[in-house]
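# Report on the structure
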Amino acid sequence: MKNLDALICINGKFTPPEEATVSVFDRGFLYGDSVYEVTLTYDKVPYLLETHLERLERSALGIGMELEWSADQIKDLIYRGLKEFDNDRLYIRIMVTRGCGEIGLDPSLSDGQNLYIIFRELKPQPKIYYIEGVSLITAGILRNPKKSVDPNVKSGNYLNNVLAISQAKEKGAYDAIMLNASGNVTESTTANIWIVENDTFITPPLEAGLLGGITRATLIEIAQKNDLPVKEENFTPERMRIAQEVFITSSTREVMPVTSVDGQGIGNSKPGEKTKALHNLYRQYIQENISQEKKKAPWNQD
Ligand code: PDD
């Protein structure tokens, strides 16, 4: 199955997308009773896959689910998928639902978890987003508080985020800033948020109620290693609007400059110099990681 635009693996069985079906009794479909991860490949190598699988396991435990597949078993399926799907840049989505069974909320009704892996040709982010920056608006809908489904659990529950991105799109913005009940910024609908203030990189702490992004953690490490001032601190949308620079980060966006918040131009309304410098350092980090992975992992050995 070469030159596909998607390949699906369901509980270890590979199938083309048109034959990939999910039972209507799957709790992931019925209640969003699931966890997931998204990573992508660089030069056929899945980036920080082990870190993503560690978070998948933590997310599963966060909803009382002990994964029925080991990280090695999932890695092996991904390896097999990459062999099938001959493409340098792939988007990989790994989902585990609590499974099917008698309809009812009680998790014990489930008759066993389901593992879905989507391999899809990566649609790169439009270059213009990095040249001109993107716009954010503050959504009216809040990110779920930590005492609900903890946002640090990457669950299949993104309905608040769906409604927030709809508000952004209605206002012609790229993405939405989601606040917590204290009125502080948590993150965007699918990325972490950063400001640059007094030449310091600042991102909200996990306690604000957000997903501990792998990109976010990597960037904190990179900033510290390069003696660039970085801290985790709460901030409001008002503080974002007067920041020197703003950017968002995720596995699929890397470091994406934000040049407008709630209609207010950020800085000189161009991508910030510190944002671009951090992105370059992140790109170097990716290349080092990929070349290490290539040496040790059989991803593209025939
Ligand atoms: N989103 N916050 C949320 C709510 C996210 O969904 C994501 C990732 C992030 C960034 O996490 P990371 O740096 O580990 O990719 C933050 C992925 C890309 C997605 O849902 O498609």
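First, a word on scope: everything that follows refers to the structure included in this document. Residue numbering note: each chain is counted from 1, following its sequence as written. The predicted origin of the model limits local features to residues at a pLDDT of at least 70 and limits the giving and counting of side-chain atom pairs to 80 or more, whereas totals for whole chains, interfaces and linings rest on all residues. For the side-chain quantities, the full set of heavy atoms in the structure was used; hydrogens and water were omitted.

## Some thoughts on the overall build of the protein
The secondary structure content of the protein amounts to eight helices and 15 strands. With the C-alpha coordinates of the protein rotated into their principal frame, the extents come out at 50 × 45 × 35 Å. For the protein, buried positions account for 51% of its 302 residues. Carbon and sulfur atoms make up 51% of the accessible area of the protein, which amounts to about 14,200 Å² in all. We score Asp and Glu as negative and Lys and Arg as positive, and we do not count His or the chain ends. One atom stands in for each charge, and that atom is NZ of Lys, CZ of Arg, CG of Asp or CD of Glu. Across the protein, the 34 positively charged side chains and the 41 negatively charged ones have centroids separated by 3 Å. Strands here are runs of E lasting at least two residues and helices are runs of H or I lasting at least four, both read from the DSSP assignment and numbered beginning at the N terminus. With a 1.4 Å probe rolled over the protein chains alone, any residue whose accessible area is under 20% of its type maximum counts as buried; one over 50% counts as exposed, and the rest are partly exposed. Here the Shrake-Rupley method, with its probe set to 1.4 Å, supplies the accessible areas, and only the displayed protein chains count as covering residues.

## Regarding a negative patch on the surface
Here, patches come from residues exposed beyond 30% relative accessible area and free of salt bridges, joined within 9 Å for like charges and within 5 Å for nonpolar side chains (Val, Leu, Ile, Met, Phe, Trp, Tyr). Any carboxyl oxygen of Asp or Glu that lies within 4 Å of a side-chain nitrogen of Lys or Arg is treated as forming a salt bridge with it. Together, Asp5, Glu18, Glu19 and Glu121 make up a negatively charged patch on the protein surface. By the element assignment, Glu18 lies in the loop between strand S2 (13–15) and helix H1 (27–31). For Glu18, a relative accessible area of 63% gives the class exposed.

## Here's the deal with the site of the ligand
The environment of the ligand is formed by 19 residues, the closest being Tyr36, Tyr158, Glu187, Thr215 and Ser251. In the analysis that follows, any N or O atom pair within 3.5 Å is treated as a polar contact, provided that within protein one partner can donate a hydrogen and the other can accept it, and provided that, for residues neighboring in sequence, both atoms belong to side chains. Within the side chain of Arg55, an N or O atom sits 2.9 Å from an oxygen atom of the ligand. Here Glu187 contributes a side-chain N or O atom positioned 2.6 Å from a nitrogen atom of the ligand. Its free accessible area being 480 Å², the ligand has 96% of it covered by the protein chains. Those elements giving two or more residues to the shell around the ligand turn out to be strand S3 (34–42), helix H6 (214–225) and strand S13 (245–250). Considered class by class, the residues forming the shell around the ligand number six nonpolar, nine polar and four charged. The rule for a residue being near a molecule or strand is that one of its heavy atoms must lie within 4 Å of it. Under the convention adopted here, Pro, Cys and the residues Ala, Val, Leu, Ile, Met, Phe, Trp and Tyr are nonpolar, Asp, Glu, Lys and Arg are charged, and Gly plus all remaining residues are polar.

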